[in-house]
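Here are the chains, one letter per residue:
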Amino acid sequence: MGWYWSTMARIVMKFGGTSVANLERIHNVARHVKREVDAGHEVAVVVSAMSGKTNELVDWVQNTPKVAGAAGAASFYDAREYDAIVASGEQVTSGLLAVALQSLGVNARSWQGWQIPIRTDNAHGAARILDIDGSDIIRRMGEGQVAVVAGFQGLGPDNRIATLGRGGSDTSAVAIAAAVKADRCDIYTDVDGVYTTDPRIVPKARRLKKVAFEEMLEMASLGAKVLQVRSVELAMVHKVRTFVRSSFEDPDAPGMGDLINPPGTLICDEEEIVEQEVVTGIAYAKDEAQISLRRLSDRPGVSAAIFGPLAESHINVDMIVQNISEDGSRTDMTFTVPSGDAPKALKVLEDNKAQIGFDVVQNETGLAKVSVIGIGMRSHAGVAASAFKALAEKNINIKAITTSEIKISILIDGAYAELAVRTLHSAYGLDKS
C-alpha cells in the first residue's frame, strides 16, 4: 500500500557531501529538486559542504600558528573562529545550488543559518538547535520560491555563527522540516534507503520500506551510518516523517517521482507500520574497547564516582555489566567505550582512583558490538535465545550482553564481527525476500 500523496505537499530535501561533491553532481541535485517543484510541491533544500571540504577547512584551522610568526600547529584555537571558517563550506554549496536551479528556470534563493535564523546554544563546534523561525521561508515557499539552506550551522546567543557538529546537516534538515510543518523530510544520500544490515557484508540484505523512529534511533546509535543520531531524535520528537533515498539515481528515471511507492525507506511512527517484523535489522560497530575495574568497594555512589568523571570528559559509555562478590562487599564493573576514547578513559579513571576505590583496571581493544533490533521484539519471546544459539553454533564467544525492549547488543571479538552479522541476519530470516 502506498503512503505518498497525489496533491501538493511541503517537502524539505537534504543533500549530503557526496551528493554535492562537484558541479556535475550539484546540477544533478538541481534536477531532483526541479522534479518535485514541477510536481507542484512547495520545496526547501538543505545542503552539506562538498565532500572532503569540511575536513580540509578543519585541517586549515588546526594547522594555523597560534600567534603571528609562531611555528608548529596550533594546540588551541578560538571555537568561534573555528565555526566561522568551517561553516563556509555549506555557504558555497547553497549558493552554487541556487545558481544551478535558476539555470533550470526554478525560482531559488540561498539562505545561511543566521539569515533564517536558526537559533542555537553557545556550544560552538557542537551547538544544539533551540529555535527556528520558519515564517519567512513558509512565505517564500508559498510564493513558489525554493529556499536553499546551508546546513550544519545556526546563530548562537553571542550573535555569531555556530556549527552543529559532524553530520549536523541532517539535524538542520529535520529541524527546518519541523519548523515549516513539512509533510516529509527527504534525506538524499549515496545509498537508496535503509537496509536490514550492511549490504557490503551481506549481499542478500534487503531495503526496508518503512522503519519506526525508535528502530532507526537504535540502528543509527549502534553503527548504521545512514542518518545522524540527533536528526532521528529530532524527527521522533516532532513526528517528522523522514524519507531516505539516493541522489545518484537518474532524477527523471521511471519511479523516481512515483506518488504511490517511491524508491527509498520511510522513517515514521510505528503506528504507520501495519505488518511489524520481529527483527528489523542487524547493526554493528567495530573498534569497541572494554574496560574493567576489579575489586571495587560495593557502596552507594561508586557508579557515580566512575561514570560522572567520564561523562564530564565527554566519553560515551555504552554496555555496563556489574558483578557482585559472594559476600556482597566487593564488585567488578565492566563497560565499553569507543576504542579511540579508551586512553582518555583510562587516564580519567586513574586520576579518580582514590575516589572510586578500585584495585586494578584492565582493558581490551579490538572488540565489536553486534545488535539485533526490532519493535516486534516487544511481543515475541525467545528472540535473544535464538541469537545466542546461532552464535554458539559458529563458536563465537560472547563477552557481554545488554538488552532493551527493542534491541539486543552482544560484545564479541572484532575478528568475528562480519561472521556474526551474517549469522544473525540468516537466523532471523532477514535474507529472505
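In short, a report on the structure. Quantities reported herein were computed from a predicted structural model and do not represent experimental measurements.

With their axes 4 Å apart at the nearest point, helix α3 (residues 79-86) and helix α4 (residues 88-103) run at an angle of 25 degrees to one another. Looking at the two axes, α3 sits roughly parallel to α4. Within the contact between the two elements, α3 uses Ala84, Ile85 and Val86 and α4 uses Ser88, Gly89 and Glu90. Looking at the contact of α3 with α4, its residues break down into 3 nonpolar, 2 polar and 1 charged.

So, on to the packing of aromatic side chains. Taken as a whole and judged by the stated rule, the model has 2 aromatic pairs. When the ring of Phe307 is compared with that of Phe335, the centres are 5.3 Å apart and the planes differ by 75 degrees; the resulting orientation is edge-to-face. Taken together, the residues Phe307 in helix α9 (residues 302-312) and Phe335 in strand β15 (residues 330-338) connect sequence positions 28 residues apart. By relative accessible area, Phe307 is classed as buried at 18%.

Once that is clear, we can look at the pairing of strand β12 (residues 265-268). Residues Thr265 and Ile267 of β12 are buried on one face, and the alternating residues Leu266 and Cys268, pointing to the opposite face, are buried as well. Here strand β10 (residues 210-212) runs beside β12; their pairing, made up of 3 bridges, is parallel. From the neighbouring strand, Lys210 faces β12, where its bridge partner is Leu266. Judged from the 3 bridges that link them, strand β11 (residues 242-246) and β12 form a sheet pairing that is antiparallel. By the bridge assignment for β12, Thr242 is matched with Ile267.

Spatially, the 6 strands line up as an open sheet ordered β14-β15-β13-β16-β18-β17, and their pairing is antiparallel. In the strand order of this sheet, the two ends are held by β14 (320-324) and β17 (400-404), each with one partner. Neighbour-to-neighbour, the strand axes of this sheet turn through a mean angle of 25 degrees, independent of strand direction. Bridging between β14 and β15 involves 5 bridges; their strand directions are antiparallel. Residue pairing across strands places Ile320 opposite Phe335, the latter belonging to β15. Packed onto the sheet, helix α12 (residues 383-393) meets β17 and β18 (407-413) and runs at close to 20 degrees relative to β18.

Reading the values: rules and limits
Residues numbered from 1 in each chain as written. Predicted model: local features only at pLDDT ≥ 70, side-chain atom pairs only at ≥ 80, totals over all residues. Heavy atoms only, no water. Axes fitted to C-alpha atoms, helices over the stretch in contact; angles between N-to-C directions. Helix = DSSP H or I, 4+ residues; strand = E, 2+ residues; numbered from the N terminus. Parallel < 35°, antiparallel > 145°, perpendicular 65-115°, else oblique. Contact = heavy atoms within 4.5 Å. Nonpolar A, V, L, I, M, F, W, Y, C, P; charged D, E, K, R; others polar. Phe/Tyr/Trp six-rings, centres within 6.5 Å; stacked < 30°, edge-to-face > 60°. Buried < 20%, exposed > 50% of the residue type's maximum accessible area, 1.4 Å probe, protein only. Pairing = 2+ DSSP bridges.

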